[in-house]
Amino acid sequence: MTQGGHKPALSASQIWNMSFGFLGIQIGFELQNGNVSRIFQTLGADVGSLAILWIAAPMTGLIVQPIIGHLSDKTWSPRLGRRRPYFLAGALLASLALFVMPNAPVLWVAAGMLWVMDASLNITMEPFRAFVGDNLPDRQRTMGYAMQSFFIGTGAVLAGALPWVMTNWLGLSNVAPAGEIPETVRWAFYIGGAALLAAVAWTVFSTKEYSPEELARFEAARGRSAGSAAAAVQRSAAQFASGGVVWIIAGAAVAALVAVARGDGRPAFLGEIEVAQELYVLAALVAGFGAVQLVAASLRRQGRNDGGFMEVVSDLFAMPRTMRQLAVVQFFSWFGMFALWIYGTPGVTEYHFGATDAASAAYQNGADWWSLMGSVRNGLAAAAALGFVMVAARIDRCRLHAINLTLGAAGFAAMLLIRDPALLWVPQIGIGIAWASIVALPYAILAGCVPAEKMGIYMGVFNIFIVVPQLLAATLLGFLVTNLFGGAPIYAMAIAAVSFVLAAAATLFVTDGEAKGAAVLQAGEA
C-alpha cells in the first residue's frame, strides 16, 4: 500500500468502506439489546431475574475481546490481512445465532443463545476498533471512529424500527400465545442476520490492510519504535501474588456476607434489605480477578512471559496513563447504558403503559414503542456522529465528551419526568448524543496513545472497562432497584443518570496528548 514515511490519509469513500461493516454489527447488537429482555419475559422470566440472565453478554465480551485482540495482532494473511478474517468468521456465527434465537422453545435455550450471539458479535466487533487505528493517521482517527459511530446509529435505527414497522406497515402479528415469540420479533431477527452478514462482507472485500512491516515503518516515522509498550514497568511475581490474595479474600468475604444475609442467621444491621443471590456472581468475579493474578504470578516465576495470557495480563497492569484515565470514564458510561438495555423495556411498559404481563397487548405495544424510541435515539446518534466529524479538528475532544455525557444524564432523568409515552422521544435526544460520543471519542483518544503492534490487544483490554461495569450492573442493578425503589424498573434510569454525571466529571481529567501531537504531525507533513 505504501513504501514508507508517514501513514497517508484515506479518502472519505475509503473510510466509509472500512466502517460500513459496523452497520451490520450494530443491527445485531440492537436486536439483542432491544428484544432479549422481551424474549426472556415471554419465555417466563420475571423482571427480578433479567439482570442475571443478561450477564451472558458482558461475560462473553470479557473473555472474547482480549483473546481476539491478541490473536488478530499476531495474524497476517496476504489475502485477508490481520483483522478481516475475524470480521468474517464472527459475522457468519452471529448471523446463525440471530436465526436461532427467536425460535428458542424455552428460557434456558434463549439464555444459551445469548452467549453464542454475543460472543460472535464480539469476535467481529473487536478487530473493527483496531482496524481504524491500524489504517488511519492520527489526524483522521476521530473521523474514523465518528464514522463507525454513524453506522452504529444507523444500524440501530434500522434494527429498532423493524418490529414496529412489521406490525404497523406490514400487518404481521405482534402478539402470540403465552410462551411463544411474536412473529414480528422473529422476522426482525431473520432480516437482521442477513443484513449483518452482507454489511460485514462489504468491508471485508472492499478494503485492504497494512502489513506488519509497513506498520512498523509508520511507527518509526512517528518516532515510536516497535515494542515500545514493553518498556513499561512490569509487575513482579510477588506483586501479582499479593494482589491475587487480596482480591480472593475480598471475594470470599462478599460471598460469606451474602450467605449469611440469605440464611436463617440474618444480621439485624441489614434491616429490610433484600440480598439477591446474584451477588454471588459479584463475589465470584472479585475472586476470579484474584485467581488470574495468582496464575500470572506462577507463570512469571517460571519465566513463561511470552504467552497470550501473560501478554494480556501484563498489558492490563501496564496501561498508558491516558488509557487508565479513560477506563474510569468508560466504567461509569457503560454502567449507565447497561441499565438502559436491561430495564428500558420493563420500565417503559410498566411506568408509561401500565403493563406488566408480557403476554398482554399493552405490554407488546409498549415494547414496540420503546423499540421505536431506540430508533429515534440511534438516529439522533448517527446525526451527532456526523457532527463530530465536522468539529473534530476544532474542539477539545475531552470537553466535548463531557458535555455529551451531561446531555445523556439529562435524558435519563427526563425518562422519569415524562409520563406521556408520545413524548418519550424527547429524552432520546440527550441519550442519543451521549451514545454517539461513547462509541467514538474514547476510541479516537485511545488509538493515539498505544503502539501499532499492540492495537488489537489494547482495544481488547480496553473492553474490560466496558465489560466490568456491565457485569456489576447485571449483579447490582436488581439489588439497587429492589431495595432503593421498591422493584420499579423505571428507576434504573435514575441510577443511569447519576452514573453519566460521574463519567462526565471523570472525562475532564483525561490527558489527550495525541490531540496536540496530531496537530504537530499534520503541520510537519504539510
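Residues numbered from 1 in each chain as written. Predicted model: local features only at pLDDT ≥ 70, side-chain atom pairs only at ≥ 80, totals over all residues. Heavy atoms only, no water.

Peer 1: Can you lay out the overall build of the protein chain for me, pointing to particular residues and giving the numbers?
Peer 2: Within the protein chain, the regular secondary structure consists of 20 helices and 0 strands. Split into buried and exposed, the 526 residues of the protein chain put 58% on the buried side. Look at the contacts in the protein chain between residues 6 or more apart in sequence, and 82% of them connect residues 24 or more apart. For the protein chain, the accessible area works out to roughly 19,900 Å², and carbon and sulfur atoms hold 68% of it. (Helix = DSSP H or I, 4+ residues; strand = E, 2+ residues; numbered from the N terminus. Buried < 20%, exposed > 50% of the residue type's maximum accessible area, 1.4 Å probe, protein only. Contact = heavy atoms within 4.5 Å. Areas by Shrake-Rupley, 256 points an atom, 1.4 Å probe, with all protein chains shown as cover.)

Peer 1: Go over the layout of surface pockets with me, naming the residues and quoting the values.
Peer 2: Space inside the largest pocket adds up to approximately 900 Å³. Surrounding the largest pocket, 28 residues form its lining, Leu62, Phe289, Leu316, Ile464 and Val468 being those nearest its centre. Looking at the lining of the largest pocket, the elements with two or more residues in it are α4 (56-74), α11 (279-301), α12 (308-317), α13 (321-351) and α18 (455-485). It is α11 that provides the largest number of residues to the lining of the largest pocket, a total of 7 residues. Residue composition of the lining of the largest pocket, grouped by class: 25 nonpolar, 3 polar and no charged. (1 Å grid on protein atoms, 1.4 Å probe; cavity = no way out; pocket = protein on both sides within 12 Å on 5 of 7 lines; lining within 4 Å. Points joined across faces, edges and corners; volume = space filled by probe spheres on them. Nonpolar A, V, L, I, M, F, W, Y, C, P; charged D, E, K, R; others polar.)

Peer 1: Tell me about the pattern of salt bridges, and name the residues and values.
Peer 2: Under the definition given, this model contains 10 salt bridges. With a shortest N-O distance of 3.6 Å, Asp73 and Arg82 are connected by a salt bridge. Here the two residues Asp73 and Arg82 agree in accessibility, since each one is buried. Notably, a salt bridge pairs Asp315 with Lys454, separated by 3.1 Å at the nearest N-O pair. A residue pair is termed long-range when its members are at least 10 positions apart, and Asp315 in helix α12 and Lys454 in the loop between α17 (441-447) and α18 qualify at 139 residues. (Salt bridge = Lys/Arg side-chain N within 4 Å of Asp/Glu carboxyl O.)

Peer 1: Before we move on, can you summarise the side chain of Asn378 with the specific residues and values?
Peer 2: Among the structural elements, Asn378 can be located in helix α14 (residues 361-391). At 2.6 Å, the side chain of Asn378 and the backbone oxygen of Gly374 are in polar contact. Discounting chain neighbours no more than four positions away, the residues touching Asn378 are Glu30, Gly153, Thr154, Ala156, Val157 and Trp435. (Polar contact = N/O pair within 3.5 Å; in protein donor to acceptor, adjacent residues only side chain to side chain.)

Peer 1: Account for the packing of aromatic side chains, naming residues and giving values.
Peer 2: Tallied over the full model, the rule gives 25 aromatic pairs. On the numbers, 5.3 Å between centres and 80° between planes, the contact of Trp187 with Tyr190 is edge-to-face. In this pair, Trp187 and Tyr190 both sit in helix α8 (residues 183-206), 3 residues apart, roughly one turn of the helix. Take Trp187: its relative accessible area is 40%, and that puts it in the partly exposed class. (Phe/Tyr/Trp six-rings, centres within 6.5 Å; stacked < 30°, edge-to-face > 60°.)

Peer 1: Now, about the packing of helix α5 (residues 84-100) against α8: what can you tell me, with residues and values included?
Peer 2: Across the interface, α5 lies against α8 with an axial gap of 8 Å and an inter-helix angle of 170°. Classified by the angle between their axes, α5 and α8 sit roughly antiparallel to one another. Together, Arg84, Phe87, Leu88, Ala91, Leu92, Ala94, Ser95, Leu98 and Phe99 of α5 and Phe189, Tyr190, Gly192, Gly193, Ala194, Leu196, Leu197, Val200, Thr203 and Val204 of α8 make up the contact between the two elements. Among the residues making up the contact of α5 with α8, the classes are represented as 14 nonpolar, 4 polar and 1 charged. (Axes fitted to C-alpha atoms, helices over the stretch in contact; angles between N-to-C directions. Parallel < 35°, antiparallel > 145°, perpendicular 65-115°, else oblique.)

Peer 1: Requested: an account of empty space enclosed by the protein, with residues and values cited.
Peer 2: Evaluated as defined, the whole model comprises 5 cavities of 30 Å³ or more. Around the largest cavity, the lining is made up of 25 residues, and of these Phe29, Met125, Trp334, Trp341 and Gln470 lie nearest the centre. Of all the elements in the fold, those that place two or more residues in the lining of the largest cavity are α2 (21-42), α4, α6 (107-135), α13 and α18. Top element by residues in the lining of the largest cavity is α2. It accounts for 5 residues. Here the lining of the largest cavity is composed, by residue class, of 15 nonpolar, 8 polar and 2 charged.

Peer 1: Could you give me a rundown of the environment of Gly81, with the residues and numbers involved?
Peer 2: Looking at where Gly81 falls in the secondary structure, it is placed in the loop between α4 and α5. Overall, the relative accessible area of 1% leaves Gly81 in the buried class. Along the backbone, Gly81 and Val204 are 123 residues apart, and their C-alpha atoms lie at a distance of 9.6 Å. If we skip the residues at most four places from it in the chain, Gly81 touches Thr75, Trp76 and Glu209.

Peer 1: Just give me the short version of the environment of Pro78, but keep the residues and values in it.
Peer 2: The topology assignment puts Pro78 in the loop between α4 and α5. In the structure, Pro78 is positioned 132 residues away from Tyr210 in sequence and 10.0 Å away in space, judged by C-alpha atoms.

Peer 1: Quick one: what's the story with a nonpolar patch on the surface, residue by residue and with numbers?
Peer 2: On the surface, a nonpolar cluster with roughly 320 Å² of combined accessible area is contributed by Leu423, Trp425, Val426 and Ile429. In this structure, Trp425 sits in helix α16 (residues 425-438). Trp425 gets classed as partly exposed once you look at its relative accessible area, which sits at 40%. (Patch = residues over 30% accessible without salt bridge, like charges linked within 9 Å, V, L, I, M, F, W, Y side chains within 5 Å.)

Peer 1: Please give an account of α8 that cites residues and values.
Peer 2: With 24 residues, α8 should cover 34 Å at 1.5 Å per step; its first-to-last C-alpha distance of 35 Å lies within 8% of that length. Buried within α8 we find Thr184, Val185, Ala188, Phe189, Tyr190, Gly192, Gly193, Leu196, Ala199, Val200, Thr203 and Val204. Looking at the buried positions of α8, the neighbouring elements they touch are α1 (12-19), α2, α5, α6 and α7 (138-168). (Expected span 1.5 Å × (residues − 1).)

Peer 1: Before we move on, can you summarise the side chain of His352 with the specific residues and values?
Peer 2: Here His352 is to be found in the loop between α13 and α14. Beyond its immediate stretch of four places on either side in the chain, His352 contacts Gly347, Met415, Ile418, Arg419, Pro421, Leu424 and Ile490.

Peer 1: If you had to explain the packing of α2 against α7 to someone new, which residues and values would you point to?
Peer 2: Between α2 and α7, whose axes approach to 7 Å, the crossing angle comes to 45°. Taken together, the axes of α2 and α7 are oblique relative to one another. When the axes of α2 and α7 are compared, the crossing they make is right-handed. Contacts from Phe22, Leu23, Gln26, Ile27, Glu30, Leu31, Asn35 and Arg38 in α2 reach Gln148, Phe151, Ile152, Thr154, Gly155, Ala156, Leu158, Ala159, Gly160 and Pro163 in α7. (Left-handed = near helix turned anticlockwise from the far one by under 90°.)

Peer 1: An account of the nonpolar core is requested, with residue identities and associated values reported.
Peer 2: Membership of the largest hydrophobic core comes to 142 residues, with the highest contact counts inside it found for Phe40, Met101, Phe412, Trp435 and Met493. With 16 residues, the single largest contributor to this core is α18. Core analysis: the second largest hydrophobic core is formed by 7 residues, Ala241, Leu299, Met310 and Val313 among them. (Core = buried A, V, L, I, M, F, W, Y, C linked by side-chain atoms within 4.5 Å.)

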